[in-house]
Amino acid sequence: MSDTRRRVKVYTLNEDRQWDDRGTGHVSSTYVDRLKGMSLLVRAESDGSVLLESKISPNTAYQKQQDTLIVWSEAVNYDLALSFQEKAGCDEIWEKICQIQGKDPTVEVTQDLESEEERFEEMPETSHLVDLPPCELNKLEEIADLVTSVLSSPIRREKLALALMHEGYIKKLLQLFKVCEDLENTEGLHHLYEIIRGILFLNKAALFEVMFSDDCIMDVVGCLEYDPSLVQPKKHREFLTKTAKFKEVIPITDSELRQKIHQTYRVQYIQDIILPTPSVFEENFLSTLTSFIFFNKVEIVSMLQEDEKFLAEVFAQLTDEATDDEKRRELVNFFKEFCAFSQTLQPQNRDAFFKTLANLGILPALEIVMGMDDLQVRAAATDIFSYLVEFSPSMVREFVMQEAQQGDYDILLINVVIEQMICDTDPELGGAVQLMGLLRTLIDPENMLAPTNVRLFLVSQLLLQILHACTYCPSFNNFQTAQLLALILELLTFCVEHHTYHIKNYIMNRDLLRRVLVLMNSKHTFLALCALRFMRRIVGLKDEFYNRYIIKGNLFEPVINALLDNGTRYNLLNSAVIELFEFIRVEDIKSLTAHIVDNFSEVLESIEYVQTFKGLKSKYEQEKDRQSQRLSSLKSNRKKYRRDARTLEDDEELWFNEDDDDEGEAVVPPIEKSKPEDDFSDNYGKFIEAKKAKESEDKENLPKRASGGAFKFTFAHSTVATNGANSTNSKTTAASPASPNSSSSKTINSASVL
């Protein structure tokens, strides 16, 4: 067992001043090379990943609270806490911290918390600012040292940020950048890199507004090109101005919107490409930068959404047959990025956004572009469709139903989606996998609040199109086709589990299981396993309709053939087949057990490394004995209490033919009289002899079970009509596991079925 003394939960304080649980793990104090010092290290108990790496700084104020909590601040607005499961573990780590900081472990706070913030608040307004060196070339090193030195102190960062916002200091620094570039002053450029990077880490939105304005942002990018750790500076400005092109699919007349789009792209580029990947604690330094980008995207989406003329023009050109392929590709890519931006919206705003798109006709437009030959257009359209399905499956289902009610089944959106899935040319079937997931979402009952007819139509249409398309599939031994069929089987298996009634009709009316089990012959084991999994789900329902269908079609034969062909190899296919039969044995599915033993016991007797098949035969024999005992009991009861119907009729006729002299006598003779007792014994003896003679005659007329080299089976019909009999006196008895013979039987060779 793991040491519960060191078991902790890691918490961080969010912007709403609420503690967020980062995970549970085990803490230790150890030397970390990356941090160059003794650190607190927390590894997750689930997978051993690092939840926390925090260097124990001599100047950091640690607080011990409630005997099991240690709280401290890594940076401004970034508070951390360790909540220990046991007090002993908290005491151990607290002693380590105090030892490193040279403090007495009995204290509850390692540093004097006379709040630096309180002192800051008490200072007069003029004392808030730090004294910045003059913005001159020979002072760049001093400025760089000042900026980097304040990053470890939240209060000093605040004071520096206030100072930088006065007197246009940032713009003066950017002017010095141009001078250094003209003079090829490499040392000065390296200092400017440190200065601008440090200003970004001050994490102040007011500073970002200045740095990311149109007249400053490219100079900021230029400063960040001169990383001292690089031999040659990067060419980020060249990429942004020459390589990256802003394409207006429809001319944007709003200059503010255009400027906002440019700014967002460039700031995103700074965050993702230029700045190095921050450590877990540096991420908080750029939280305001992330928020800056987020709110820019929200504003862009809102401004585009409100411009109804712009969006209407985009939709008109997208669906216009006269639009050339290149233009249509740009329009689809625009919508893809537009939908991606919408993910930043709050739920209520995102709801309004997608409703706007729906009202403008996004789904009919997708129906057109998803059927085009251009692979890039289809891929982008699929991404847009995935955004819509993930946001509101009900909206997509409603559109599909409206299309169906119009009666044009050739161009249904769902048919287009299925066709794209089945005709995916990607060797990895990336698009097919994505579309299969979307179809699964659309037919998932958990998000389907629509009436039953919607479910019926969607599932029926889905199955119909898949079966129709699969008839044109090439050989299932082709790897790509095998992958596709595996995807389709996964979807069909999902339907068996979640749409039991609707798919049952398709499986039985179209003999779907037999067609699926043909895939057991595939050379690709994963496809054979998918076919077996499909059958396993059906058997797992323990539905007698399915069981009779399997028995009638002798559908265990391809499964057993696959098991025998697999030989003595102990692999996944072998285990999966045995698990299927083990399930039947454990669940005691009597009809299937009788069918398997009656038809396949001889070939399965050789499999002795598991007891499954012996167990099935034992179950079968036990059931046969019970049936035999039940039949014997029934015959015994008949001997005691029943009389032959014809004998009763003869007795009744005799009674009516008797003289009426004894009208006063009782119908049943008194027990005291011995003569009636003798008459009853004689009559009952005659009845038993007649019954035995009739049973012997019936047995001679029963058909015999067929035998031969191939597997054959016999099954009984429930009515005399199915056997062509029309006698009103005929008796029908369903064949039981105890007796393979019945009053009506048919023998089918399984080789002719496949």
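Residues numbered from 1 in each chain as written. Predicted model: local features only at pLDDT ≥ 70, side-chain atom pairs only at ≥ 80, totals over all residues. Heavy atoms only, no water.

Right, let's get into the packing of helix α15 (residues 362-369) against helix α17 (residues 393-406). Any two packed helices are characterised by the angle at which their axes cross and by the distance between the axes. Running from N to C, α15 and α17 point in directions that differ by 75 degrees, and their axes come no closer than 11 Å. With respect to each other, α15 and α17 are oriented roughly perpendicular. Residues Leu 363, Pro 364 and Glu 367 of α15 form the contact with α17, whose participating residues are Met 395, Val 396, Phe 399 and Glu 403. Along the lines of polarity and charge, the residues of the contact of α15 with α17 split into 5 nonpolar, no polar and 2 charged. (Axes fitted to C-alpha atoms, helices over the stretch in contact; angles between N-to-C directions. Helix = DSSP H or I, 4+ residues; strand = E, 2+ residues; numbered from the N terminus. Parallel < 35°, antiparallel > 145°, perpendicular 65-115°, else oblique. Contact = heavy atoms within 4.5 Å. Nonpolar A, V, L, I, M, F, W, Y, C, P; charged D, E, K, R; others polar.)

Looking now at the pattern of salt bridges. One pass over the structure, following the stated rule, counts 26 salt bridges. Among the salt bridges present, the one from Glu 92 reaches Arg 6, with a minimum N-O distance of 2.9 Å. Of the two residues, Glu 92 is situated in helix α1 (residues 87-101) and Arg 6 in the segment before β1 (7-13); the sequence distance between them amounts to 86 residues. Its relative accessible area of 22% is what places Glu 92 among the partly exposed residues. Overlapping salt bridges bring together Lys 64, Lys 87 and Asp 91 as one network. (Salt bridge = Lys/Arg side-chain N within 4 Å of Asp/Glu carboxyl O. Buried < 20%, exposed > 50% of the residue type's maximum accessible area, 1.4 Å probe, protein only.)

What follows covers the packing of helix α16 (residues 375-391) against α17. Viewed as axis vectors pointing N to C, α16 and α17 meet at an angle of 110 degrees, and their least axial separation amounts to 5 Å. When the axes of α16 and α17 are compared, the pair comes out roughly perpendicular. Contact residues: Phe 385, Leu 388, Val 389 and Phe 391 in α16; Pro 393, Met 395 and Val 396 in α17. Considering only residue class, the contact of α16 with α17 consists of 7 nonpolar, no polar and no charged.

With respect to burial, strand β3 (residues 37-44) is a largely interior element, 6 of its 8 residues being buried. The pairing of strand β2 (residues 19-32) with β3 spans 8 bridges and is classified as antiparallel. Looking at the pairing, Gly 25 lines up with Ala 44 of β3. Two successive antiparallel strands, β2 and β3, enclose a turn made up of 4 residues, where Lys 36 displays a positive phi of approximately 55 degrees. Examined bridge by bridge, β3 and strand β4 (residues 50-55) share 5 bridges and lie antiparallel to one another. (Pairing = 2+ DSSP bridges.)

The next thing to look at is a nonpolar patch on the surface. A contiguous nonpolar patch, built from Tyr 31, Met 38 and Ile 100 and spanning about 270 Å² of accessible area, is present on the exposed surface. Inspection of the secondary structure assignment puts Ile 100 in helix α1. Residue Ile 100 is classed as partly exposed on the basis of its relative accessible area, which comes to 33%. (Patch = residues over 30% accessible without salt bridge, like charges linked within 9 Å, V, L, I, M, F, W, Y side chains within 5 Å. Areas by Shrake-Rupley, 256 points an atom, 1.4 Å probe, with all protein chains shown as cover.)

Here we come to the environment of Val 377. Along the chain, Val 377 falls in helix α16. Take Val 377: its relative accessible area is 2%, and that puts it in the buried class. Distance from Val 377 to Glu 326, taken between C-alpha atoms, is 9.5 Å for residues 51 residues apart in sequence. Here Val 377 is in contact with Arg 329, Val 332, Val 369 and Met 372, once residues within four sequence places are set aside.

Turning next to the nonpolar core. Phe 385, Ile 507, Leu 513, Ile 550, Phe 556 and Phe 581 are the most contacted members of the largest nonpolar core, which totals 117 residues. In terms of residue count, helix α21 (residues 479-498) provides more of this core than any other element does, 12 residues in total. Contact partners of Ile 507, with chain neighbours within four places excluded, come to Val 496, Leu 512, Leu 513, Phe 534, Ile 538, Tyr 546 and Tyr 549. The next biggest cluster of nonpolar side chains, apart from the first, holds 49 residues, and it includes Ala 161, Phe 201, Leu 224 and Leu 240. (Core = buried A, V, L, I, M, F, W, Y, C linked by side-chain atoms within 4.5 Å.)

Its location among the elements puts Ser 522 in the loop between α23 (512-517) and α24 (525-540). Side-chain polar atoms of Ser 522 contact the backbone nitrogen of His 524, separated by 3.0 Å. (Polar contact = N/O pair within 3.5 Å; in protein donor to acceptor, adjacent residues only side chain to side chain.)

If you walk through the whole model with that rule in mind, you get 18 aromatic pairs. Residues Phe 239 and Tyr 269 carry aromatic rings whose centres are separated by 5.4 Å and whose planes lie at 15 degrees to one another, so their mutual orientation is stacked. Here Phe 239, found in helix α9 (residues 236-243), pairs with Tyr 269, found in helix α10 (residues 255-274); they are 30 residues apart in sequence, far enough to count as distant. For Tyr 269, a relative accessible area of 11% puts it in the buried group. Look at Phe 294 and Phe 295: their rings are 5.1 Å apart centre to centre, the planes differ by 80 degrees, and that puts the pair in the edge-to-face class. Here Phe 294 falls in the partly exposed class, since its relative accessible area comes to 27%. Under the relative-accessibility criterion, Phe 295 is labelled exposed at 53%. Its end group placed over the ring of Phe 545, Arg 548 keeps NZ or CZ at 4.9 Å from the ring centre. (Phe/Tyr/Trp six-rings, centres within 6.5 Å; stacked < 30°, edge-to-face > 60°. Lys NZ or Arg CZ within 6 Å of the ring centre and 35° of its normal.)

By themselves, these figures tell us nothing about what the structure is for.
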